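This is what each chain is made of:
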Amino acid sequence: MGRSWPKQHCSRCFVLCALFPLLFSLGSCRSTKNLKEGQYLLWKNKIELSSDKVMVNRGEIKDNLDHIIVQKTNTNYLELAPFKVPMKLWRYNRRYKKLHNRPDSLLPKSVERPTIYDSAANERSIAFMKSYLFNQGYFYARITDTTTYRGRKATVTYRVKAGVNYLINKINYKVDDTTIRNIVVQNSEGSPLQKGKEFTYTLLEEERSRLTALINNYGYRRFNLENITFAIDTMEKSIFRVAGSPFENAVNFISQAKGNKKTTLDVDVIIHKTDDTLAYNRYVVGDVVVYPDYLGTRDLSDSTLKVRRMGGMEFRYHEQYVRPRVLMEHIFINPGSLYSKENEDKTAAKLGELGIFQYIRVQPRENRTTRDTVNYSILLNRAPKYDYATTYEISNGTTYTLGNSASISFKNKNFMRGANQFSIGVNGGIETFYYDYLPGRVYERFQVTTMYYGVNASVDFPKFLAPVPKSVFSRSNLPHTIVSAGENVINRLNYFTLVNSSASFSYNWNETEIKTWSIAPAFMNIIRVPSVSPTFQALLDANAYLRNSYKKTFIEGESITFKVDDNIKKHGINYSYMRLAFEEAGGIVGAVNGFGAAVYGFDTIPYAQYTKFDFDARHYFTLRRSVFAFRLYGGVGTPYGNSATLPYIKQYFAGGPYSMRGWRIRTLGPGSYYDSSINTLSQIDRTADIKIELNSEYRFAVAPLFAGAVKMNGALFADAGNIWLSRKTETFPGGELALDKLGQDIALNVGAGARFDIASFLTLRVDLAFPVKKPYVLTNNGWVLKDINFGDPTWRKDNLIPNISIGYPF
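In this report, the structure presented in the accompanying data block is examined. (Residues numbered from 1 in each chain as written. Predicted model: local features only at pLDDT ≥ 70, side-chain atom pairs only at ≥ 80, totals over all residues. Heavy atoms only, no water.)

**What to know about the overall build of the protein**
What the protein contains, in helices and strands, is 15 helices and 29 strands. A buried classification covers 42% of the 810 residues belonging to the protein. Long-range contacts, defined here as pairs at least 24 residues apart, represent 65% of the contacts in the protein between residues at least 6 apart. For the protein, the accessible area works out to roughly 43,000 Å², and carbon and sulfur atoms hold 58% of it. (Helix = DSSP H or I, 4+ residues; strand = E, 2+ residues; numbered from the N terminus. Buried < 20%, exposed > 50% of the residue type's maximum accessible area, 1.4 Å probe, protein only. Contact = heavy atoms within 4.5 Å. Areas by Shrake-Rupley, 256 points an atom, 1.4 Å probe, with all protein chains shown as cover.)

Laid out in structure tokens, this is it:
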């Protein structure tokens with residue numbers, strides 16, 4: 001008896017059958033139709049890489065070998081497995097009569113001529129590959145190439161036998177100057193050349209650059225890369241221990257190559273004089289002259305400029321635009337000290353961080369008479385003192401149809417002539433929902449659901465303001481002091497109005513290039529709910545958790561944040577990010593309030609008490625044309641003392657474009673809790689005290705649009721996680737965190753998206769996601785895979801969640 005196929009299955013088969021001839025014609029006929037007799041289209045380059053030992057960085061080496069290949073296939077492939085469509089070539093062939101006589105320089109960027117296979121290019125590719133592998137320490141690599149033909153298409157396969165690379169056994173420093181040798185040996189721990197490390201020529205270049213910079217920083221200004229050479233000894237002496245027996249030596253060498261032990265080499269680092277006889281001259285800093293409001297070369301000889309001397313430096317200016325002491329704290333070139341290229345660069349960087357100069361030039365001038373002194377002119381051109389900015393945004397969200405927001409900000413970059421950054425801004429917006437059942441015109445069906453507005457101000461002092469000596473910190477890592485205050489209002493029409501008055505005092509500084517700290521010894525929030533609708537009041541009366549969340553609260557606390565980000569250091573390749581934050585509130589004010597109650601018999605401050613720990617860990621695995629991105633983040637808040645819940649502004653939520661994308665914002669959780677209003681606008685935000693979330697994305701390039709002005713990228717993603725209450729409550733059954741039901745409580749969604757990178761300035765993101773595991777479905781452990789039905793409009797309405805937003809989710 002034949003099988004009866006559901007209607008939606010038939011429609012899918014019909015679509016695939018209809019697409020088959022189209023894809024076949026795009027991928028096959030169109031790509032080779034204009035080739036001449038005897039010509040073949042280079043369709044694919046393949047690399048088969050093997051080695052005698054395990055290659056730790058196999059993927060990276062294979063990608064680099066692929067990049068080295070001389071003759072590339074046509075670019076901009078649209079991958080529709082099992083078809084591969086070179087869209088630029090396809091466009092070229094469509095307009096062949098018009099374009100084939102044009103020179104390459106006049107071709108549009110949206111088209112590309114066919115890559116005609118050239119066998120001579122294979123030999124050049126092999127030579128480049130061997131050179132690359134040699135630099136990676138594979139000295140005896142063997143490479144062969146094979147070309148196969150299918151119709152008018154050619155596929156080239158490169159079989160690469162890398163062999164075995166060497167490990168570093170010993171590093172010897174051979175220096176013809178005692179002082180320089182001592183400098184090198186004392187700083188050898190920072191060398192990329194370390195015993196047991198796999199040898200590559202890249203390590204030698206890194207060591208050459210490191211030593212040159214190191215020696216420069218000890219006063220040797222004329223020392224350069226040419227003063228350093230290397231000698232490599234690949235003969236391991238233990239193999240040839242029997243001097244009179246060549247046969248046994250050969251046996252030892254072969255057995256080591258076949259065994260688990262890798263061959264080793266010794267590296268001699270040779271530092272020597274060259275034709276430049278001044279390379280070993282040691283320089284000290286002489287005069288340092290600073291021009292804080294430099295206008296042009298005339299200032300260098302203008303005798304009418306005002307002059308002030310401080311700290312051995314000379315400041316010359318037209319008017320005192322900024323106090324000299326502020327500049328002096330950011331200048332690391334001190335008269336009488338040894339010349340240091342690092343201090344030269346650090347001075348330019350730190351002065352640039354002040355944000356009050358349009359350009360900065362640190363100009364060294366060598367004393368040509370004594371050949372042992374460097375004088376400096378530091379030229380600082382003023383930037384506009386004031387900045388104004390206005391923004392207007394139109395948005396769409398999962399809980400509203402149309403949103404409008406605007407902001408106006410003002411910044412004084414040199415407040416009180418101390419390079420202090422004073423900022424103040426006003427913002428506001430509304431969110432509306434479209435009710436199609438309302439009478440009247442289209443615009444009359446948009447009803448305002450939320451209004452928000454606020455004013456915020458801050459002052460960023462480029463100094464450490466505290467009753468603590470500055471010597472606690474390095475001058476190069478001196479904290480900024482930031483004082484801020486603001487007031488923001490959220491008006492959820494038909495529910496409540498919430499006012500948050502805030503203030504904070506914090507310190508920010510960079511420990512290293514990749515590590516940053518932020519410590520707030522004091523922050524404050526005063527939360528008020530001046531108006532509550534009768535409907536919302538009834539909800540508060542019936543729900544203790546909501547009542548405690550939305551009550552008037554005073555928050556006073558301290559916080560500390562630590563971040564590690566090695567993106568810049570690793571040049572965007574296989575980089576990581578981590579953020580850890582801890583916050584405590586109510587400890588100090590609780591003690592003060594307790595003292596008042598004990599001594600004076602009153603207790604009048606309704607304050608919050610809690611601790612809160614947040615974490616955010618990310619890692620990005622970068623491939624040649626794609627990226628695997630992972631994030632684990634969340635937090636744990638613990639109310640204590642007189643607080644039953646976290647304050648509303650400190651609670652966690654899940655859902656939305658930057659969280660669990662298969663749920664609308666603030667509609668997931670807590671735990672397995674669920675009610676019938678979960679997907680309606682009338683619901684109250686779902687918030688909780690604990691959050692755990694894991695996000696993963698596979699990001700890949702799709703195609704450039706509009707002559708490359710817009711780059712379209714795609715993504716496949718999955719999100720897992722939820723929020724929980726720290727305490728069990730009857731009003732949210734199943735909302736508390738319990739290890740025995742953690743598997744049930746984890747929500748999971750999957751989805752796909754498109755990202756449009758507009759001129760490398762703005763990224764517009766469109767994601768579509770749906771849940772595959774719902775914690776509030778108590779059968780099958782929450783899995784709902786069997787319910788997925790894209791052909792059902794009801795299922796699509798309830799489960800397909802679109803998200804339109806700016807920027808990547810993480």
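**Concerning the sheet that holds strand β7 (residues 228-233)**
If you trace the three strands from one edge of the open sheet to the other, you get β6-β8-β7, paired in mixed fashion. Each having just a single partner strand, β6 (167-175) and β7 make up the two edges of the open sheet. Along the sheet, successive strands turn relative to each other by an average axial angle of 20°, direction set aside. Along the sheet, helix α7 (residues 201-216) makes contact with β6, β7 and β8 (264-271), crossing β7 at roughly 145°. (Pairing = 2+ DSSP bridges. Axes fitted to C-alpha atoms, helices over the stretch in contact; angles between N-to-C directions.)

**A few points about the packing of helix α6 (residues 178-186) against α7**
Close contact between α6 and α7 brings their axes to 10 Å; oriented N to C, the two are set at 120°. Classified by the angle their axes make, α6 and α7 are oblique. For the pair α6 and α7, the crossing hand works out as right-handed. Listed contacts from α7 to I180, I183 and V184 of α6 are L211, L214 and I215. In terms of residue class, the contact of α6 with α7 is made up of six nonpolar, no polar and no charged. (Parallel < 35°, antiparallel > 145°, perpendicular 65-115°, else oblique. Left-handed = near helix turned anticlockwise from the far one by under 90°. Nonpolar A, V, L, I, M, F, W, Y, C, P; charged D, E, K, R; others polar.)

**Brief notes about the packing of aromatic side chains**
This structure, assessed with the given rule, holds 35 aromatic pairs. Look at F433 and Y435: their rings are 4.9 Å apart centre to centre, the planes differ by 70°, and that puts the pair in the edge-to-face class. For F433, a relative accessible area of 24% gives the class partly exposed. A residue is classified by how much of its surface remains accessible, and Y435, at 22% relative accessible area, is partly exposed. Here the aromatic rings of Y575 and Y620 are separated by 4.5 Å at their centres, their planes lie at 20°, and the arrangement is stacked. Of this pair, Y575 sits in the loop between β21 (553-565) and β22 (576-585) while Y620 sits in strand β23 (residues 610-622), and the two are 45 residues apart along the sequence. Linked through ring pairs, F134, F139, Y166, F199 and Y201 together constitute an aromatic cluster. The side chain of R631 reaches across the aromatic face of Y633, ending 3.9 Å from its centre. One Lys or Arg, K691, reaches over the ring of F653 and ends 5.5 Å from the middle of that ring. (Phe/Tyr/Trp six-rings, centres within 6.5 Å; stacked < 30°, edge-to-face > 60°. Lys NZ or Arg CZ within 6 Å of the ring centre and 35° of its normal.)

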